[in-house]
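Observations on the model geometry
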Amino acid sequence: MSLLFIEWNADPTIITLLGFPIRWYGLCFALAFLAGFQVVSYMFKKEGRPVEQADQLLLYTMVGTVAGARMGHYFFYEFPLLLADPVRFFIQMITPPFSGLASHGAAIGLFTAFYLYTRKNKEQSYLYVTDRIVIAAALAGFFIRFGNLMNSEIIGKPTDLPWGFKFLRDYEFNPSGLAAFVVPRHPSQLYEALSCLFLFFILLYLWNQKKGKTPAGLLTGIFMIFVFTLRFFYEFLKENQSSFENGLTLNMGQILSIPAVLFGIGVLWYAKRKA
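The protein is annotated in an unreviewed UniProt entry as Phosphatidylglycerol--prolipoprotein diacylglyceryl transferase of Aquirufa originis. Of the comments in the UniProt record for the protein, the one headed Pathway (unreviewed entry) reads "Protein modification; lipoprotein biosynthesis (diacylglyceryl transfer)." Taken verbatim from the UniProt record of the protein, the Subcellular location (unreviewed entry) comment is "Cell membrane".

Right, let's get into the nonpolar core. As a rule of thumb, soluble globular proteins bury nonpolar side chains together. If you look at the biggest cluster of nonpolar residues, it comprises 43 residues, and the most contacted ones within it are Val 40, Leu 57, Ile 135, Leu 203 and Phe 223. Of all the elements in the fold, those that place two or more residues in this core are α1 (24-46), α2 (51-77), α5 (103-120), α6 (126-150), α7 (188-210), α8 (218-234) and α9 (252-274). Top element by residues in this core is α6. It accounts for 11 residues. Those residues in contact with Leu 57, other than ones at most four positions away along the chain, are Val 40, Phe 44, Phe 114, Tyr 117, Val 129 and Ile 133. Counting residues in each nonpolar core, the second largest holds seven residues, with Trp 8, Ile 155, Phe 165 and Phe 167 among its members.

Two faces, one strand: in a regular strand the side chains alternate between the faces of the sheet. Two strands pair when backbone bridges link them, and strand β2 (residues 13-17) and strand β3 (residues 20-23) are joined in this way by four bridges, in the antiparallel orientation. Note that in β3 the partner of Thr 13 across the bridge is Arg 23. Taking the residues between adjacent antiparallel strands as the criterion, β2 and β3 are bridged by two residues, where Leu 18 takes a positive phi near 55 degrees.

What counts as what
- Residues numbered from 1 in each chain as written.
- Predicted model: local features only at pLDDT ≥ 70, side-chain atom pairs only at ≥ 80, totals over all residues.
- Heavy atoms only, no water.
- UniProt positions renumbered as here; feature names shortened; annotations may be inferred.
- Core = buried A, V, L, I, M, F, W, Y, C linked by side-chain atoms within 4.5 Å.
- Buried < 20%, exposed > 50% of the residue type's maximum accessible area, 1.4 Å probe, protein only.
- Helix = DSSP H or I, 4+ residues; strand = E, 2+ residues; numbered from the N terminus.
- Contact = heavy atoms within 4.5 Å.
- Pairing = 2+ DSSP bridges.

Set out below in structure tokens:
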């Protein structure tokens, strides 16, 4: 085994004010929306659209993200609880703090929110909206996965690679909490965070080439294919999030990524055809 590794002992709580903990994950989640809003506002201004529409779109995005991510986590990863105790399942799903959020559920919530938004703003096509939002979503993905890293959650499998992280605050796979039993693992959160940041710059560059004349669906298709193809392969490096996945050939993240990639291919084909 390699003797090189990185000890990760980040405190999930930044500071406690009046008995209320301010956590890194909450800060990163807020930064994701704030940065996304700034990006969309910038694009709307460049294309001559009212900034008020960006405000409205932000509201739809926030509700769609949180509701979709929360419901997605429970229906995708806590489904055995629904079968065993439906009342407890729904009570836990709507009770703060919302510690379980699923990116696939967030995607479904977002696409539903955009449909409702375009019904009130008929001058904007559905794919026009998603093409702008996916740029912000890529940047948001960077912040959220960084928040997961600060929480020492969604960790990877053991590795001998020199950049392996020893998550000293991981109590899921090291219930004893003893540092002697902590092994280096893939920093899967960091892999996904950096991938999202890279994708953000690529999508922003592509939009900047043509701005309002960008073929409808082009950026959406690229986003879906890039994010969920990488997600499929990153899952091989990550520990399963729920015990029922241990008996599956592919875990839930991989199963849900396949239709997402196919959807992206379909949208990209549509964009190329229309262009």
